[in-house]
Amino acid sequence: MRILEYMKNKTEYLKSTANNFVFTERPEEILVGFDATDAWFARHEIVYPRMFTPEGNALGFKRAGVDAAIALTESLLKEHPEYARGTSFERLLSKVADELIKAVRIGTPHEDYDIFKTGIASWFAEEAAPKTHFIPCAVSPNDSRSFHVGPVTFQFVNGFAAAHQVESKDEVEKFGYNQILEYAAGQGARWIAQVETEGYDNERSAEHADSAVDIALVALQLFIPPSISKEVARSTARTIPKNINTFKKVGDHLRAGFTRADPCMSYSGPYFDMILGKNKAILESVGNRVDAFVKGQSTLVRLDQAWCDAAYWFHEGISEKLDTVAIAKMETSIEVLLFAQSTSGCKNGLLKVFEVIYGLTKNQPLRDNDSRTVLSFIDSVVTARSRVLHGTWSTLNYRKPALNERQHRHEIELLASDLLARFTLQLDSYKKTEKPEDNFMKFLDWISTQKAGM
């Protein structure tokens with residue numbers, strides 16, 4: 001009975017969209033400006049999508065029709081989790097409206113929900129087809145071997161051109177690949193990241209690929225010092241020019257200078273290859289996290305997603321110029337990693353982490369020749385973010401030397417980096433245990449038992 005009622009409601013929604021569809025004659029005079037256009041649609045009770053045809057006619061749904069279209073969109077999202085994962089509500093609603101309008105305009109308005117649903121399914125199947133994204137990145141300026149971080153492959157531009165046999169392609173394909181290389185050169189990016197996505201519409205697929213590359217780049221930043229790797233980034237995100245020029249006038253004289261800013265500049269190609277080889281375990285482990293993110297599949301969804309979210313905040317924080325903003329982002333990374341949910345939750349989580357991971361209780365010294373206790377250090381970590389975000393500390397102005405942002409930034413970067421590295425490696429082992437629970441505290445308890453058994 002409930003199923004019949006459910007289908008009846010959806011049939012009524014379809015009828016409502018058809019009954020509340022409006023198609024007007026073209027305006028008698030040209031509409032000038034937003035106010036005039038808005039008034040024209042309002043006069044005809046058109047609420048959404050408020051479109052004009054090439055001939056100048058206006059079309060769309062009245063409020064009741066819009067409400068019905070929204071209800072149909074919500075029904076589709078409930079029935080098809082792949083839609084919720086692969087597209088946005090706004091994009092799906094737009095396609096629902098297009099499908100309904102197309103049917104009305106050809107004289108066969110939808111009356112059967114299953115037929116309507118088939119049209120949406122065909123659209124999504126086409127949108128969600130596998131796509132390979134090529135994303136220029138700033139990794140290092142020197143020619144090095146390609147490397148993988150899970151499903152993301154990084155190739156130096158020369159290797160990319162050779163791997164894809166660009167020179168042997170026909171003129172049309174060669175033109176496309178040369179556009180990638182020309183764009184990369186214009187951005188000062190010497191590497192191309194390649195990642196395949198499936199199950200996402202065009203817009204979300206691009207966003208997902210970008211995020212996957214960001215997370216994959218964190219693998220490098222976990223073992224290459226921040227002073228060398230902080231500018232590692234995709235060219236469509238936070239990259240800066242390889243040379244930063246400065247100009248200032250002192251007295252009557254103009255002074256100019258520049259600083260090399262490209263990441264890993266001091267690493268030769270062979271040395272970069274050697275560093276990657278020595279840290280193969282981290283590359284593979286982070287690759288497992290990236291793979292879970294790209295595919296949207298994991299045996300421990302919450303733990304994998306939290307790690308990826310925390311890694312993204314770390315990636316954002318490490319490249320920040322302002323210490324105060326970097327500290328806020330790094331502390332956010334730690335909060336996300338620990339499932340903190342609040343300042344007190346972060347404090348309690350860090351106290352347990354220090355005990356389990358580092359073997360230090362709250363009243364013990366943080367380290368040799370440091371008067372701070374673990375508790376006092378954790379207090380400084382969890383309060384720094386709120387002080388910056390709530391205006392207690394200025395974001396831009398320096399404070400007295402006793403409150404050293406640079407030192408605090410280095411310490412919190414080191415803590416976040418170490419926890420990310422340790423947790424990804426431990427998560428790989430935890431997944432291999434019998435019936436691991438997708439719960440952070442259970443995961444931490446398991447780490448504790450492993451350390452106790454050593």
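Here the structure is a predicted model, which means the values were calculated and not measured. (Residues numbered from 1 in each chain as written. Predicted model: local features only at pLDDT ≥ 70, side-chain atom pairs only at ≥ 80, totals over all residues. Heavy atoms only, no water.)

(A) Spatial organisation of unusual backbone geometry. Note that the residue after tyrosine 48, namely proline 49, is joined by a cis bond; omega there is 5°. Here proline 49 shows up in strand β2 (residues 48-52). A positive phi angle is found at arginine 50, which is not glycine, with a value near 55°. Counting through the fold element by element, arginine 50 comes out in strand β2. One non-glycine residue with positive phi stands out, namely phenylalanine 339, at about 55°. One can find phenylalanine 339 in the loop between α14 (323-337) and α15 (343-357). (Helix = DSSP H or I, 4+ residues; strand = E, 2+ residues; numbered from the N terminus.)

(B) Quick peek at the pairing of β2. In the sheet, β2 pairs with strand β3 (residues 58-61) via three bridges, with the strands oriented antiparallel. Note on β3: the bridge partner recorded for phenylalanine 52 is alanine 58. Count of turn residues in the β2/β3 antiparallel hairpin: five residues, of which glycine 56 carries a positive phi of about 100°. (Pairing = 2+ DSSP bridges.)

(C) Molecular detail of the sheet that holds strand β7 (residues 191-197). Read from one edge of the open sheet, five strands run β5-β6-β7-β4-β8, paired in antiparallel fashion. In the strand order of this sheet, the two ends are held by β5 (147-149) and β8 (233-234), each with one partner. Set on the sheet, helix α8 (residues 171-186) makes contact with β4 (131-138) and β7; between it and β4 the angle comes to about 25°. Together, β5, β6 (152-156) and β7 form the strand contacts of helix α12 (residues 280-295), whose direction differs from that of β5 by roughly 55°. (Contact = heavy atoms within 4.5 Å. Axes fitted to C-alpha atoms, helices over the stretch in contact; angles between N-to-C directions.)

(D) Inspection of the pattern of salt bridges at higher detail. Under the defined criterion, the tally for this structure stands at 29 salt bridges. Glutamate 320 is paired through a salt bridge with lysine 329; the nearest N and O atoms lie 2.8 Å apart. Summarising the burial analysis for this pair, glutamate 320 and lysine 329 share the class buried. Close ionic contact of arginine 409 with aspartate 323 constitutes a salt bridge, the shortest N to O distance being 3.1 Å. Taken together, the residues span a long stretch of sequence, with arginine 409 in helix α17 (residues 405-431) and aspartate 323 in helix α14 at a distance of 86 residues. Connected via shared salt-bridge partners are Arg289, Asp304, Asp428 and Lys431. (Salt bridge = Lys/Arg side-chain N within 4 Å of Asp/Glu carboxyl O. Buried < 20%, exposed > 50% of the residue type's maximum accessible area, 1.4 Å probe, protein only.)

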